[in-house]
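# Summary of structural features
If you want the building blocks of each chain, they are given just below.
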Amino acid sequence: MAVLVTGGAGYIGSHTVAELIDAKEEVVVVDNLSQGHRQALLGGKLYVGDIRDADFMETVFKENDIESVIHFAAYSLVGESMQNPAKYYDNNVYGTQRLLEIMKKYGTKRIVFSSTAATYGEPQTVPIEETAPTQPTNTYGETKLSMEKMMKWFDAAHGIKYVALRYFNAAGAHHSGRIGEDHSPETHLVPLILQVPLGKREHVSIFGDDYPTEDGTCIRDYLHVSDLADAHLLALERLRSGGESSVYNLGSGKGFSVKEMIDVARKVTGHPIPAVLEPRRAGDPAVLIASSAKAKRELNWSPRRDNLEEIVESAWNWHRQHPDGFTE
Ligand SMILES: NC(=O)c1ccc[n+]([C@@H]2O[C@H](COP(=O)([O-])OP(=O)(O)OC[C@H]3O[C@@H](n4cnc5c(N)ncnc54)[C@H](O)[C@@H]3O)[C@@H](O)[C@H]2O)c1
């Protein structure tokens, strides 16, 4: 009996695979390596291919007894999703449809799924609870919301139970120092800041300092990637013990501004990290902070690595050891 991890060679996927291996689960990974890296896998059986490829997925399900799925495979660049919505509907929405169809065919009844804070859009109140209105302001968030809704109807029709985990901002790297964050292009704040002390960029950009926050820069909620990973195992447990389908926010409940993040990185790296002010980007909410009370209550989850300096330090350790990221 195996857990299939789609997108398991990516950033959050590979950290979740590491936790599954530690928990002695049998792990099968499907990744087309469009963003993922072979080296990011600390275990599991890798199938290189695309979740939209029905013949390929048929082989994966035939060769393995897939008991549950954890579904990370998706595109997640907000800017690109606004330029090329079809690419996002095809991979994220149609890809999920193909996955649910093959799960239905093989009788796999559980799926844990990467959703996002982007499903909420501009929040009316913070911290954001799961009952808040979902009004995405970009195509990426809209496709993730569509994926959640598709799962609801596959549950109603075919009894495939799901947990959608709405992540806020993942950061940091695995305690082994062997795996970390390597996206191309990189759009996430922590690795972008760390590219300065690595000598890969001259400065970090701050997009707008006239938001209604204390220092005028945007505030986000950062969670250690291994704490995110842990939540997937707890969500799986919930479904295995007969839990109903549900949606959970995952965040630390604490917000840090862009300027505060740069200051933390300066302290951790000992580098002055010059910052340059640029205009606001369209569609960036001022403050995104999660209420994770529901996940704490129902999944018994709480972040264990909640010191921001330690999170940034774990990322810095990995980047220093792997200045060019993974080599394959
Ligand atoms: N990183 C974050 O802070 C964050 C926040 C919110 C939501 N998410 C969501 O979490 C998931 C994982 O994020 P990540 O940062 O690890 O991204 P990632 O790009 O590192 O991982 C996604 C993986 O899926 C693979 N993939 C993509 N399309 C595929 C397909 N059609 N078939 C097979 N493999 C495919 C990629 O090669 C990659 O390895 C994504 O779905 C993302 O939308 C991430």
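Definitions and limits used
- Residues numbered from 1 in each chain as written.
- Predicted model: local features only at pLDDT ≥ 70, side-chain atom pairs only at ≥ 80, totals over all residues.
- Heavy atoms only, no water.
- Near = heavy atom within 4 Å.
- Polar contact = N/O pair within 3.5 Å; in protein donor to acceptor, adjacent residues only side chain to side chain.
- Areas by Shrake-Rupley, 256 points an atom, 1.4 Å probe, with all protein chains shown as cover.
- Helix = DSSP H or I, 4+ residues; strand = E, 2+ residues; numbered from the N terminus.
- Axes fitted to C-alpha atoms, helices over the stretch in contact; angles between N-to-C directions.
- Parallel < 35°, antiparallel > 145°, perpendicular 65-115°, else oblique.
- Left-handed = near helix turned anticlockwise from the far one by under 90°.
- Contact = heavy atoms within 4.5 Å.
- Nonpolar A, V, L, I, M, F, W, Y, C, P; charged D, E, K, R; others polar.
- Domains from an automatic or database assignment.
- Buried area = accessible area lost by both parts, 1.4 Å probe.
- Salt bridge = Lys/Arg side-chain N within 4 Å of Asp/Glu carboxyl O.

## Considering the site of the ligand
Neighbouring the ligand are 30 residues; I12, D31, N91, Y140 and K144 lie closest to it. Interatomic distance of 3.1 Å between a backbone N/O atom of N32 and a nitrogen atom of the ligand. One of the backbone nitrogen or oxygen atoms of G36 is found 3.0 Å away from an oxygen atom of the ligand. Within the complex, the protein chains bury 97% of what would otherwise be the 820 Å² of accessible surface of the ligand. When contributions to the shell around the ligand are tallied by element, the ones reaching two or more residues are α1 (11–22), β5 (110–116) and α5 (139–158). A total of three residues in the shell around the ligand trace back to one element, the largest contributor, which is β5.

## What about the packing of helix α2 (residues 54–63) against helix α4 (residues 85–106)?
Interhelical geometry of α2 versus α4 gives an angle of 40° and a closest axis separation of 11 Å. Regarding the angle of α2 to α4, the classification is oblique. Relative to α4, α2 is oriented so that their crossing is right-handed. For the pair formed by α2 and α4, the contact residues are A54, M57, E58, F61 and K62 on the first element and R98, L99, I102, M103, K105 and Y106 on the second. Of the residues assigned to the contact of α2 with α4, the class counts are seven nonpolar, no polar and four charged.

## A word on the domain arrangement of the protein
Reports often express the size of an interface as the amount of accessible area lost when the parts come together. Domain boundaries assigned for the protein yield domain 1 (2–171 + 223–250) and domain 2 (189–220 + 253–321). Here the C-alpha centroids of domain 1 and domain 2 sit 24 Å apart. Between domain 1 and domain 2, the contact holds 28 residues from the first and 23 residues from the second. Across the domain 1 to domain 2 interface the summed buried area is about 2,100 Å²; carbon plus sulfur atoms make up 63%. Of all residues in domain 1, the largest losses of buried area upon contact with domain 2 belong to H224, D227 and Y248, amounting jointly to 23% of the total for that side. Connecting domain 1 to domain 2 are four salt bridges. Two residues, E298 and R238, come together in a salt bridge whose shortest N-O distance is 3.7 Å. Linking domain 1 with domain 2 are 12 residue pairs in polar contact (both at pLDDT 80 or more), by the criterion used here.

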